[in-house]
Amino acid sequence: MSHVNKAGTFTLGARRVTRLGYGAMQLAGAGVFGPPKDRKAALAVLREAVASGVDHIDTSDFYGPHITNQLIREALHPYPKNLVIVTKIGARRGEDKSWIPSFSREELTQAVHDNLRNLGLDVLEVVNLRSMFGIHGPAEGSIEAPLTVLADLQRQGLVRHIGLSNVTAAQIAEGRRICEVVCVQNLYNLAHRSDDALIDDLARDGTAYVPFFPLGGFTPLQSAALSDVAKELGATPMQVALAWLLQRAPNILLIPGTSSAEHLRQNIAAAGLELPGDMVTVLDQIATNSAPA
Ligand SMILES: NC(=O)c1ccc[n+]([C@@H]2O[C@H](COP(=O)([O-])OP(=O)(O)OC[C@H]3O[C@@H](n4cnc5c(N)ncnc54)[C@H](OP(=O)(O)O)[C@@H]3O)[C@@H](O)[C@H]2O)c1
């Protein structure tokens, strides 16, 4: 049994995927902008992920922009039948690497077509609408207008399933009045647990929760408690952070991002890492201890 299968599976839209997937954002250049510093290595990471059993890749056409999707296409097209590529729309990139909210009907429609073209697909399996009321975290505001556009694109057959990203519980409820919401992608990890209650609610509904920054993102997780647990288990701190997410709730799907084949292997191996209950208790305290006063 390959390591990745040890993570188990969960339903994402109409598909059953392994809970240990891959996030492609790290493949673009610095600041998620421009080409990768090592193009061959980026293609090799994608191919190795899929060869290792990863069947869920998270991406966006605004990574690069366009470049990450073009790498995915070059590395993996024609895609294996079981591969689910999830993308997101709602922003575009400025020349200065900025992230610019893009919610007009024209921009959202263009974004879906850009993803289709650059990924080489006729239909996108799952598209997340990325709320931009807050750049770094969810903020309230109606998503009705942009989600209605995405639902129209779904009715036209360009999109199979819809998810939401960087959203509040109220926005998810609003979204469900417009279309089916198959997944939620928000910031969540060992040290950042604002979504604890939301994850449990979504688990009860059978909705996938896909934490972004599972390893801490641009500032990878660092904690003495995490390092101690990792040492005791003969694992790396990042592997423990991923194993903790896998045991946290059955609807959590992982998309750790890496540009390194070595890190990819370590992340996949985390699927086989069992955390004893006493260690989970220690790890559970990290968020409490790192919460702002
Ligand atoms: N919806 C949203 O708003 C949103 C926002 C951000 C990200 N995302 C998605 O979520 C995915 C995951 O987020 P992310 O890539 O930003 O953050 P992440 O997975 O939390 O962490 C990535 C960072 O950790 C490093 N890393 C990965 N594996 C490691 C390992 N085994 N040991 C040590 N370091 C390791 C990576 O560097 P190396 O390349 O050197 O390994 C990179 O610096 C993205 O790829 C993207 O698809 C979505």
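Residues numbered from 1 in each chain as written. Predicted model: local features only at pLDDT ≥ 70, side-chain atom pairs only at ≥ 80, totals over all residues. Heavy atoms only, no water.

Asks: Which parts of the structure should I look at to understand the overall build of the protein?
Replies: Within the protein one finds 10 helices and 11 strands. Reported as C-alpha extents along the three principal axes, the dimensions of the protein are approximately 55 × 40 × 40 Å. Within the structure as shown, the protein displays about 12700 Å² of accessible surface, and the carbon and sulfur contribution to it stands at 53%. Computing the positive centroid from 26 side-chain charges and the negative centroid from 29, the protein places the two 5 Å apart. (Helix = DSSP H or I, 4+ residues; strand = E, 2+ residues; numbered from the N terminus. Areas by Shrake-Rupley, 256 points an atom, 1.4 Å probe, with all protein chains shown as cover. Lys, Arg positive; Asp, Glu negative; His and termini not counted. Charge placed at Lys NZ, Arg CZ, Asp CG, Glu CD.)

Asks: Even after reading the chapter, I still don't get the sheet that holds strand β8 (residues 124–130), so can you show me in this structure?
Replies: Sheets are built from strands that pair by backbone hydrogen bonding, the pairs being arranged parallel or antiparallel. Read across the open sheet, the 7 strands follow the order β3-β4-β5-β8-β9-β10-β11; overall the sheet is parallel. Strand pairing shows two members of the sheet lacking a second neighbour, β3 (22–23) and β11 (208–209), which therefore form its edges. Of the strand pairs in this sheet, β3 and strand β4 (residues 56–58) are connected by 2 bridges, and their pairing is parallel. When the sheet's bridge partners are listed, Tyr 22 is paired in β4 with Ile 57. Contacting β5 (84–89), β8 and β9 (159–165), helix α3 (residues 105–119) crosses the sheet at an angle of about 150 degrees to β5. (Pairing = 2+ DSSP bridges. Contact = heavy atoms within 4.5 Å. Axes fitted to C-alpha atoms, helices over the stretch in contact; angles between N-to-C directions.)

Asks: I tried to follow the site of the ligand on my own but got confused; where do I start?
Replies: The full set close to the ligand counts 25 residues, and Asp 58, Leu 215, Thr 258, Ser 259 and His 263 are the nearest of them. Contact distances for the ligand include 3.1 Å between an oxygen atom and a backbone N or O atom of Met 25. Note that a nitrogen atom of the ligand is positioned 2.8 Å from one of the side-chain N or O atoms of Ser 165. In terms of residues, the shell around the ligand owes the most to one element, helix α9 (residues 261–269), which gives 3 residues. Considering only residue class, the shell around the ligand consists of 10 nonpolar, 12 polar and 3 charged. (Near = heavy atom within 4 Å. Polar contact = N/O pair within 3.5 Å; in protein donor to acceptor, adjacent residues only side chain to side chain. Nonpolar A, V, L, I, M, F, W, Y, C, P; charged D, E, K, R; others polar.)

Asks: Mind showing me how you'd approach helix α1 (residues 39–51) here?
Replies: For an α-helix, 3.6 residues make a turn, and residues three or four places apart therefore share a direction. With 13 residues, α1 should cover 18 Å at 1.5 Å per step; its first-to-last C-alpha distance of 18 Å lies within 8% of that length. Burial in α1 covers these residues: Ala 42, Leu 43, Val 45, Leu 46, Ala 49 and Val 50. Here the buried residues of α1 occupy an arc of 155 degrees about the axis, which is enough to place them on one side. More than 90 degrees from the buried face of α1, the exposed residues found are Lys 40 and Ala 51. Check the buried side of α1 and you find it contacts β3, β4, α2 (67–76) and α9. In the segment just after α1, Gly 53 is the residue with positive phi, at about 105 degrees. (Expected span 1.5 Å × (residues − 1). Buried < 20%, exposed > 50% of the residue type's maximum accessible area, 1.4 Å probe, protein only. Arc of directions from axis to C-beta.)

Asks: So what exactly am I meant to see when it comes to the packing of aromatic side chains here?
Replies: To describe a pair of aromatic rings, one takes the distance between the centres and the angle between the planes. Counted by the stated rule, this structure contains 7 aromatic pairs. When the centroid spacing of 5.9 Å and the interplanar angle of 90 degrees are considered together, the rings of Tyr 188 and Tyr 209 count as edge-to-face. Taken as a pair, Tyr 188 in the loop between β10 (183–185) and α6 (196–205) and Tyr 209 in strand β11 lie far apart in primary sequence, 21 residues in all. Judged by relative accessible area, which is 0%, Tyr 209 ranks as buried. Measuring from centroid to centroid gives 5.7 Å for Phe 213 and Phe 218, while their planes differ by 75 degrees, and the two rings are edge-to-face. Phe 213 gets classed as partly exposed once you look at its relative accessible area, which sits at 24%. (Phe/Tyr/Trp six-rings, centres within 6.5 Å; stacked < 30°, edge-to-face > 60°.)

Asks: Quick question: what am I supposed to make of empty space enclosed by the protein here?
Replies: Over the atoms rolls a probe the size of a water molecule, and in doing so it shows where empty space is left. Under the definition given, this model contains 1 cavity of 30 Å³ or more. Put simply, the largest cavity is a space of about 30 Å³. Residue assignment for the lining of the largest cavity shows that the elements contributing at least two residues are β4 and β10. (1 Å grid on protein atoms, 1.4 Å probe; cavity = no way out; pocket = protein on both sides within 12 Å on 5 of 7 lines; lining within 4 Å. Points joined across faces, edges and corners; volume = space filled by probe spheres on them.)

Asks: I keep staring at the environment of Phe 33 and nothing clicks. Help me out?
Replies: One can find Phe 33 in the loop between β3 and α1. As for Phe 33 and Pro 65, which are separated by 32 residues in sequence, their C-alpha atoms are 6.4 Å apart. With residues near it in sequence (within four places) discarded, Phe 33 still touches Ala 28, Gly 64, Pro 65, Arg 93, Gly 94, Glu 95 and Lys 97.

Asks: Please explain the layout of surface pockets as it appears in this structure.
Replies: When its volume is computed, the largest pocket comes out at roughly 880 Å³. Around the largest pocket, the lining is made up of 36 residues, and of these Met 25, Gln 26, Phe 213, Gly 217 and Phe 218 lie nearest the centre. Here the element with the most residues in the lining of the largest pocket is α9; it accounts for 3 residues. Looking at side-chain class alone, the lining of the largest pocket contains 19 nonpolar, 14 polar and 3 charged residues.

Asks: In this structure, what is going on with helix α5 (residues 169–176)? I would like to understand it.
Replies: All of the buried residues in α5 are Gln 171, Ile 172, Glu 174 and Gly 175. Summarising the axial view, the buried residues of α5 lie within an arc of 160 degrees, below the 170-degree limit, and thus occupy one face.

Asks: When you look at the pairing of β9 in this model, what are you seeing that I'm missing?
Replies: Regular strands show a simple pattern: their side chains alternate between the two faces of the sheet. For β9, the buried fraction is high: 6 of the 7 residues fall into the buried class. As defined by bridge partners, β8 adjoins β9 across 6 bridges and the pair is classed as parallel. Note that in β9 the partner of Val 126 across the bridge is His 161. When β9 meets β10, the two strands line up parallel, connected through 3 bridges. Paired with Leu 164 across the strands is Val 184, a residue of β10.

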